[in-house]
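# Fold and contact review
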Amino acid sequence: MRKPAQLPLDLPARSSLARDDLVTGPANALAAEAVDAWPHWPHPVVLISGPPGSGKTHLGAAWSELSGAQRWHPSRSELPGDPDLFAVLVEDVDRSGYDEGGLFALLNAARLGGGTVLLTSRVGAGAITVALADLRSRLRAATAVELRAPDEELLTGVIMKLAADRQIAIDPKVVAYALSRMERSFEAAADFVQRLDRAALAGKERIGRTLAQRILEDMAVESNRAS
C-alpha cells in the first residue's frame, strides 16, 4: 500500500539576495555591471526594467548592500536626510500609489546634488504611466538598463540557486531535461522549483526525471487552462 502523502507546510524559502549569489549571464550582465559601477555612475539615476521574476529584486538588494541605500516607500514625500549625499532604492516604480511630487523631488535632488537613485520597473520609462510631466521627463532621462530574456545557461544557474535556497539537491541532468520542456522564463523556473520541493516533501519522492516530468505536465495543463 502506498504511504499517504504528507501535507507540506508552505514555508517561504530563504533566498539569498547578496551580490555574490546573483547569477549573471548575457540577459542581466549590463544590470549587474551598473550595480557594481556605483558610485561612479555617468548619471545619478538608473532604471532597471524587466518582467516579473527577472531578478530586479535581487539586483536592488545587491545595490542596497553596496550603497547602504534607503528604500523609498510609495507614500513618502520627504527627501533623505542629506540632500547632497544619499542613495535611495525605488522598487516597482511602474506600479500606482507613488507620491509623484515626492518622487520628482527625489530624482531632481539626485540630478542636482550628490545623491543616487536606483529604480526598478516591469516596463521601460516610456511605458510608465505618470500624471506629472516633470516626473515623466526625469524618468526618461534616467540611464535605462533592460533585463533581456534569459538563456539556458542563466536559467540553469537560477534553478540550481533556487534549489539550494530550499536546501534540496537536484541533478543538473534533471535541470537540463526540464529546461528543454518548459517555458524559458524566470517565473517558470521559480514555479518549477517550488513545485518540485513541495511534491518531494509531500510524497517523499526522489527528485529525479520522473517527478520533474509529472510537474512539467501539471504546469502545461494549468498554462493551457489560463490561456
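Everything here concerns the structure above.
Residues numbered from 1 in each chain as written. Predicted model: local features only at pLDDT ≥ 70, side-chain atom pairs only at ≥ 80, totals over all residues. Heavy atoms only, no water.

### So, helix 6 (residues 172-179)
Along helix 6, the positions that sit buried rather than exposed are V174, V175, Y177, A178 and L179. Those residues of helix 6 that are buried lie in contact with helix 5 (152-165), helix 7 (186-203) and helix 8 (209-226). (Buried < 20%, exposed > 50% of the residue type's maximum accessible area, 1.4 Å probe, protein only. Helix = DSSP H or I, 4+ residues; strand = E, 2+ residues; numbered from the N terminus. Contact = heavy atoms within 4.5 Å.)

### Topic: the packing of helix 6 against helix 8
Orientation of helix 6 relative to helix 8, taken along the N-to-C sense of each, is 25°, at an axis distance of 10 Å. One way to sum up the angle between helix 6 and helix 8 is to call them roughly parallel. Like other packed secondary-structure pairs, helix 6 and helix 8 cross with a definite hand, here right-handed. Contacts from V174, Y177 and A178 of helix 6 reach helix 8 at R209, A212, Q213 and L216. Grouping the constituent residues of the contact of helix 6 with helix 8 by class yields five nonpolar, one polar and one charged. (Axes fitted to C-alpha atoms, helices over the stretch in contact; angles between N-to-C directions. Parallel < 35°, antiparallel > 145°, perpendicular 65-115°, else oblique. Left-handed = near helix turned anticlockwise from the far one by under 90°. Nonpolar A, V, L, I, M, F, W, Y, C, P; charged D, E, K, R; others polar.)

### Quick notes on the packing of helix 7 against helix 8
It is the contact of helix 7 with helix 8, at a shortest axis distance of 10 Å, that shows an interaxial angle of 125°. Taken together, helix 7 and helix 8 sit at an angle that is classed as oblique. The way helix 7 lies across helix 8 gives a crossing that is right-handed. Note on element contacts: helix 8 touches helix 7 through L211, A212, R214, I215, L216, D218, M219 and E222, opposite A188, D191, F192, R195, L196, A199 and A200. Along the lines of polarity and charge, the residues of the contact of helix 7 with helix 8 split into 10 nonpolar, no polar and five charged.

### Quick notes on the pairing of strand 3 (residues 87-90)
Along strand 3, one buried face is formed by A87 and L89 and the opposite face, lined by V88 and V90, is buried too. Alignment of strand 3 against strand 4 (residues 116-121), held across four bridges, turns out to be parallel. Across the sheet, the residue bridging to L89 is L118, located in strand 4. Regarding topology, helix 3 (residues 100-112) serves as the crossover connection from strand 3 to the parallel strand 4, and that connection is right-handed. (Pairing = 2+ DSSP bridges. Right-handed = clockwise from strand over helix to strand, strands pointing away.)

Honestly, that's just the spatial picture; any functional story needs more than this.
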